[in-house]
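Chain residues, written in single-letter form:
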Amino acid sequence: MTPEQRFHSYVTAGTVLIMFYFIQHIVPLLTFTPSVDQLIKPGVTLLSAVGIYKSLASALVKITKKWRWVKRKLLGPSYVNGTWIGKFEASDGEPIYTVEHFEQSLSSLKIRGQAFHADGRSYAHWKSIAETIDEAAGILTYTYICDKNRDKTSFQGIGEFQFERDDESSAPQCIKGYSADLIDGLRSENREKKISENLLSFEDALAAAKK
């Protein structure tokens, strides 16, 4: 079940429950004449169901922004929100440390990342353009636009990472895969781990990545 399906299933279940009590206790009070009741009661019931569904959906969206555990529950195995750190080797063998922020809502994911030399100098920074999570397969795929400090140019690339998780119903704490810049097609392998559900500063996350 996708996050959207889980979201709508919870809202639908809540709507059905409220409508049950509405039909049982409220609709019988709307009594005029038999001919009028035949027209009014179905319309009132339909409009009430639509209004309740929209209200519950809006309330649940606001709750997910305030209480992270609700968003975690709804996203399930797709939940990746937070700060991720990793390391890969540059073409000359130099270790390059990566920090990524995964900013996730129920319907979207944005990735912003930076890479650093061991001495803390900036190596590159990037942001995602399009993102896809295959929940069943446990794979994150995204395209990005990147700026490398040395080259002083912008280019696009693609990343694909497999989830490392306990089972198909668990969210990952580590991901392993590669990114490939389209200017040369070379793959940089990386294994990233999640160090916080919050978006930590890049400086603090870099210190953790170098340990």
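Anyway, here's the lowdown on the structure attached to this text. (Residues numbered from 1 in each chain as written. Predicted model: local features only at pLDDT ≥ 70, side-chain atom pairs only at ≥ 80, totals over all residues. Heavy atoms only, no water.)

**Points about the overall build of the chain**
For clarity, the cut-off: Under the scheme used here, helices are H or I runs from DSSP no shorter than 4 residues and strands are E runs no shorter than 2 residues, and both carry numbers assigned from the N terminus. Between buried and exposed lies partly exposed: a residue is buried under 20% and exposed over 50% of the maximum accessible area for its type, with that area taken using a 1.4 Å probe on protein chains only. Only heavy atoms matter for contacts: two residues are in contact if any of them lie within 4.5 Å across the pair. Using the Shrake-Rupley algorithm and a 1.4 Å probe, accessible areas are obtained, with residue cover drawn only from the displayed protein chains.
Looking only at helices and strands, the chain has 4 helices and 8 strands in total. Counted from the first residue to the last, the chain has its helices and strands arranged as α-α-α-β-β-β-β-β-β-β-β-α. Evaluated residue by residue, the chain yields a buried proportion of 37% over its 211 residues. Nonlocal contacts in the chain, meaning residues at least 24 apart in sequence, comprise 46% of its contacts between residues at least 6 apart. When the accessible surface of the chain is totalled, it reaches about 12400 Å², and 58% of it is carbon and sulfur.

**What about the pattern of salt bridges?**
If the charged atoms of two oppositely charged side chains come close together, the side chains can form a pair. To be explicit about the condition: Salt bridge criterion: a side-chain nitrogen from Lys or Arg within 4 Å of a carboxyl oxygen from Asp or Glu.
According to the stated counting rule, one finds 7 salt bridges in the structure shown. Here Arg6 and Glu135 are joined by a salt bridge, their closest N and O atoms 2.9 Å apart. You can see Arg6 sitting in helix H1 (residues 3–26) and its partner Glu135 sitting in the loop between strand E4 (122–134) and strand E5 (139–148), a full 129 residues away along the chain. Taken as a pair, Arg6 and Glu135 share a single burial class, namely buried. With its nearest N and O atoms 2.7 Å apart, the salt bridge here joins Arg121 to Asp119.

**Comments concerning the pairing of strand E3 (residues 109–116)**
Threshold: The pairing criterion for strands is at least two bridges between them, as found by DSSP.
Inspection of the sheet shows strand E2 (residues 95–104) paired to E3 by 8 bridges, in the antiparallel sense. Bridge pairing in E3 places Thr98 opposite Ala115. From the end of E2 to the start of E3, which pair antiparallel, there are 4 residues. When E3 meets E4, the two strands line up antiparallel, connected through 5 bridges. If you follow Ala115 over to E4, its bridge partner there is Ala124. Counting the residues in the hairpin turn of E3 and E4 gives 5 residues, including Gly120, whose phi is positive at 95°.

**Here we look at the nonpolar core**
Worth spelling out the cut-off: Among the buried residues, those of types Ala, Val, Leu, Ile, Met, Phe, Trp, Tyr and Cys that are joined through side-chain atoms within 4.5 Å form a nonpolar core.
Ranked by internal contacts, the top residues of the largest apolar core, which has 20 residues, are Phe102, Tyr123, Leu140 and Tyr142. Breaking this core down by element, the ones donating at least two residues are strand E1 (82–89), E2, E3, E4, E5 and strand E6 (153–164). The greatest single-element share of this core, amounting to 4 residues, is contributed by E5. With near-sequence residues (within four places) excluded, Tyr142 lies in contact with Glu100, Ile111, Trp126, Ser128, Ala130, Glu131, Gly157, Ile158, Gly159 and Phe161.

**Quick look at the packing of aromatic side chains**
To keep things clear, this is the line we draw: When the centres of two rings from Phe, Tyr and Trp lie within 6.5 Å, Trp using its six-membered ring, the rings pair. Their planes under 30 degrees apart give stacked, over 60 give edge-to-face, and anything left gives tilted.
The tally for this structure, following the rule as stated, stands at 4 aromatic pairs. Summarising the aromatic geometry, the rings of Tyr142 and Tyr144 are spaced 6.0 Å apart at their centres and angled 55° between planes, so their arrangement reads as tilted. Three or more aromatic residues link up through ring pairs in this structure, and these residues are Tyr142, Tyr144 and Phe161.

**Brief notes about the layout of surface pockets**
Put simply, the test is: Grid points spaced at 1 Å and placed over the protein atoms alone form the basis of the search, with a cavity being a set where a 1.4 Å probe fits but cannot get out and a pocket an open set showing protein on both sides within 12 Å along at least five of seven lines. Lining residues have an atom within 4 Å of a point. Grid points are joined across faces, edges and corners, and a volume is the space filled by probe spheres set on the points. Each residue gets one label: Ala, Val, Leu, Ile, Met, Phe, Trp, Tyr, Cys and Pro are nonpolar, Asp, Glu, Lys and Arg are charged, and the others, such as Gly, are polar.
The calculated volume of the largest pocket comes to roughly 490 Å³. Along the walls of the largest pocket sit 27 residues, with Phe88, Lys148, Ser179, Asp181 and Ser188 positioned nearest its centre. When residues of the lining of the largest pocket are traced back to their parent elements, those giving at least two are E1, E2, E4, E5, strand E7 (174–181) and strand E8 (187–196). Looking at the lining of the largest pocket residue by residue, the classes come out as 13 nonpolar, 5 polar and 9 charged. Each pocket or cavity is described by its volume, and for the second largest pocket that value is around 300 Å³. Forming the walls of the second largest pocket are 16 residues, and the residues nearest its centre are Pro3, Glu4, Ser78, Thr132 and Ile133. Counting residues per element, the ones that place at least two in the lining of the second largest pocket are H1 and E4. Per element, the largest residue contribution to the lining of the second largest pocket is 3 residues, and it comes from E4. Looking at the lining of the second largest pocket residue by residue, the class counts come to 6 nonpolar, 7 polar and 3 charged.

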